[in-house]
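# Chains, contacts and geometry: an overview
Take a look at the letters that make up each chain.
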Amino acid sequence: MMDQLGIKALHPGPSGDEKAPNHANYDESKANPFPDLPNALTLKNGKKVETATEWWHQRRPEIVEDFEREVLGRVPYSVPAVTWTVTSAVDSKAGVFPVIEKQLVGHVDNSSCPSISVDIQITLVTPGNANGPAPVMMMFASKAFLQRFAEMMAKRPELKAMMGTDPPATEQLIAHGWGYAFIDPGSIQADNGAGLTKGIIGLTNKGQPRKPDDWGALRAWAWGASRGLDYLETDKAVDAKRVGIEGVSRFGKAALVTMAFDSRFAVVLVGSSGEGGAKPHRRNFGEEVENLTGTGGYHWMAGNFLKYGAAEASFGSKNAGDLPVDSNELIALCAPRLTFISYGVAEKGDAKWLDHQGSYMATIAAGPVFRLLGAKDLGVTDDYHSAKMPPVNAGLLEGQLAWRQHDGGHTDAPNWKYLIPWADSFLSYHAVAWQLLADQPVFRTDPNSLIAHSQLLAKAKQGKTDLYFEGDSIARRWGATDYPELLANWKQNFFGWNAADFGWGGDQTQNILWRLENGELDGVNPKVVVLLAGTNNVGDTSAHIDAAAKAEDITRGLQAIIRVIQTKAPAATIIVTGIFPRNDDISLMPVIGRINSNLSKIADGHKVRYLNINEKLADNNGGLFDEMMNSDKLHPTVKAYQIWADALKPILTDLLGPRGAGDSAPPPTGDPSALGLASK
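As a starting point, this report considers the structure included with it.

Thresholds, definitions, all that
Residues numbered from 1 in each chain as written. Predicted model: local features only at pLDDT ≥ 70, side-chain atom pairs only at ≥ 80, totals over all residues. Heavy atoms only, no water. Helix = DSSP H or I, 4+ residues; strand = E, 2+ residues; numbered from the N terminus. Buried < 20%, exposed > 50% of the residue type's maximum accessible area, 1.4 Å probe, protein only. Pairing = 2+ DSSP bridges. Contact = heavy atoms within 4.5 Å. Right-handed = clockwise from strand over helix to strand, strands pointing away. Phe/Tyr/Trp six-rings, centres within 6.5 Å; stacked < 30°, edge-to-face > 60°. Axes fitted to C-alpha atoms, helices over the stretch in contact; angles between N-to-C directions. Parallel < 35°, antiparallel > 145°, perpendicular 65-115°, else oblique. Left-handed = near helix turned anticlockwise from the far one by under 90°. Nonpolar A, V, L, I, M, F, W, Y, C, P; charged D, E, K, R; others polar.

The step from alanine 335 to proline 336 runs through a cis peptide bond, and the omega angle for that step is 0 degrees. Here proline 336 is to be found in the loop between helix H10 (327–332) and strand S10 (338–343). At asparagine 498, a position not held by glycine, the phi torsion is positive, near 55 degrees. Turning to its location among the elements, asparagine 498 is positioned in the loop between helix H15 (484–494) and strand S13 (499–501). Relative accessible area serves as the criterion here: at 14%, asparagine 498 is assigned to the buried category. Unlike most non-glycine residues, asparagine 525 shows phi in positive territory, near 55 degrees. Mapped onto the elements, asparagine 525 comes out in the loop between helix H16 (509–520) and strand S14 (528–532).

Attention shifts here to the pairing of strand S4 (residues 119–127). Where burial is concerned, most of S4 is hidden: seven out of the nine residues are buried. The sheet contact formed by strand S3 (residues 97–108) and S4 spans nine bridges and is antiparallel. Following the sheet pairing, lysine 102 is matched in S4 by leucine 124.

Once that is clear, we can look at the environment of lysine 206. Tracing the chain through its elements places lysine 206 in the loop between helix H6 (199–204) and helix H7 (217–232). The sequence separation of lysine 206 and leucine 41 amounts to 165 residues, and the corresponding C-alpha distance is 39 Å. The residues touching lysine 206, leaving out its near neighbours within four places in the chain, are Ser112 and Cys113.

Look at any regular strand and the pattern is simple: side chains alternate between the two faces of the sheet. Within strand S11 (residues 401–405), five of the five residues are buried, leaving the element largely enclosed by the surrounding structure. Residues Leu401, Trp403 and Gln405 line one face of S11 and the alternating positions Ala402 and Arg404 line the opposite face, and both faces are buried. One crossover worth recording links S10 to the parallel S11 by way of helix H11 (residues 356–372), and it is right-handed.

Within the structure shown, the criterion is met by 27 aromatic pairs. Taking the centre distance of 5.3 Å and the plane angle of 75 degrees together, the rings of tyrosine 26 and phenylalanine 285 count as edge-to-face. Here the residue tyrosine 26 occupies a position in the loop between strand S1 (7–10) and helix H2 (52–71), and phenylalanine 285 occupies one in the loop between strand S8 (267–271) and helix H9 (289–293), the gap between them amounting to 259 residues. Measuring from ring centre to ring centre gives 5.2 Å for phenylalanine 469 and phenylalanine 494, while their planes differ by 50 degrees; the resulting arrangement is tilted.

Closest axis-to-axis distance for the helix H18 (residues 547–568)/helix H19 (residues 589–602) pair is 9 Å, and the angle between their directions is 40 degrees. One finds that H18 runs oblique with respect to H19. Of the two possible hands of crossing, H18 and H19 adopt the one that is right-handed. On the side of H18, the interface is formed by Ala547, Ala548, Lys550, Ala551, Glu552, Ile554, Thr555, Leu558, Gln559 and Ile562, while H19 contributes Val591, Arg594, Ile595, Asn598, Leu599 and Ile602. When grouped by side-chain class, the residues that make up the contact of H18 with H19 number 10 nonpolar, three polar and three charged.

Here you go:
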């Protein structure tokens, strides 16, 4: 390729090792040798684009042509057809969710060059409860790779920490009523230069070397994703108008390219993409153009891209400032569709090399195109030259163009909890609610609850908790910073017993089970666990079963929680508190009575003790006494909490001894949204 282009020598790319003599620049004052990004709304003749028609028919084709000729390469007109086959379809599960899993093979016609075979591999998973076509997120990954990565994380805790504490993206998607599809990029085109005479690029060239404007691997992977979408358009389980594309790192670049060149994709999540993705080529910060023209990345790009790393050539030399296009225009090609740019933080492994700041600048610079086409951009009023990234975890998700830097590593895992509801909102998608038994562990899908889970995991790791409270909002409010009056009562009653509150508002038994099974009790080793849960299951109107069946189901859920506590904290005594009366819907009282009767029979009076204070809260008909519950007739007042404390203290004194003068339990936490931590 260098001979074809007349290049004699290339500039070496900077090193990611900050101790190396040729280390990359991380000085912001030197980061913008070419400060101005190309204006996506200025035609080559200098005329400003002022209408959507001018964008679609004049400016956008200009940008596409420059990317195809100089940066990413062209898809050949002669690319062979793909024939899709469903090789298997089975009932399976994603976590606790029933799904239908299909294995697909897209065979590319290789009659023109039989020695090269290309069979695109896709695993398609759709929710088993869907009553119609479901949105699908296509992800650049293979099932085998994900299995290997899971095994690596099990062996290397630092990798797991980099990913954050959220459930896997696959389970979050299914929980929200989305499907997902893994597309194996290696089955389309190898991720190395030697593979350029093989794969789809090699097949179209009949095994011969590329021409300067031929496609590179990024464009080939994007082409493969588009052929996958061809199949999805034929599958009745898939809502083909609501298909997304996602990738991280080099596959984050590929996801952005896919979205830019195929307008059928409705949403993209671009994770930690760096140079060749959202990072501007013109920025001298971290990875540079010369890193993609060198041996490690040249195969991703068109051959012509090598010109911009040339040190000595028949045409002289070129650099990043000579490129006719830049990343802001690649992002702009996605407009007005849903485009989410995601990064992590260097401290957790999302290296400075990726140039988070530059990618933010490019995202802002793409905004005018979104606005021209009737979409909302980031809402940032600062000029991209001077705009600074918002704080970590403070995302900009009000428009079709979105940005969020999470506090994890080289992954987009912590941003799925924001991406999915953001996409649901703009795509007007409302999933069928899952109906799960009370003893099936399942996470809450809202971002606030997943942030709370990470808080409670951090609290658990601090240890020194002898008295562990678990449950829903009734348990949580007692020891939470956002209910200062109740917290004062908590400290008054339990200070000196090393008590910590692990309740979370709105949880059903399924959610508490999931939290306990996912680390919130690991290594804590409390001496006593106080459990109050189940009232949210009682009030769940989506479960259409009679009172007796509901009571039995909820009892099984509470029994499952008790079993998990016994497994993870075998030395602890469990005090199971009867579900409190509630007068927000008096018809629920018979179900509560049945559950409490069942709980009394579960207790053995030794390691599992049953405590019921309802006769002090309500009369024999379940009617609440005055000043026992708040105006919602569900959550206790301080007076009712004190009754609970007075009933607990003799048992706790028997089990823990008198309260000490000091307390070493972890400090109380609060509702992340109340503390401003659950920012969009």
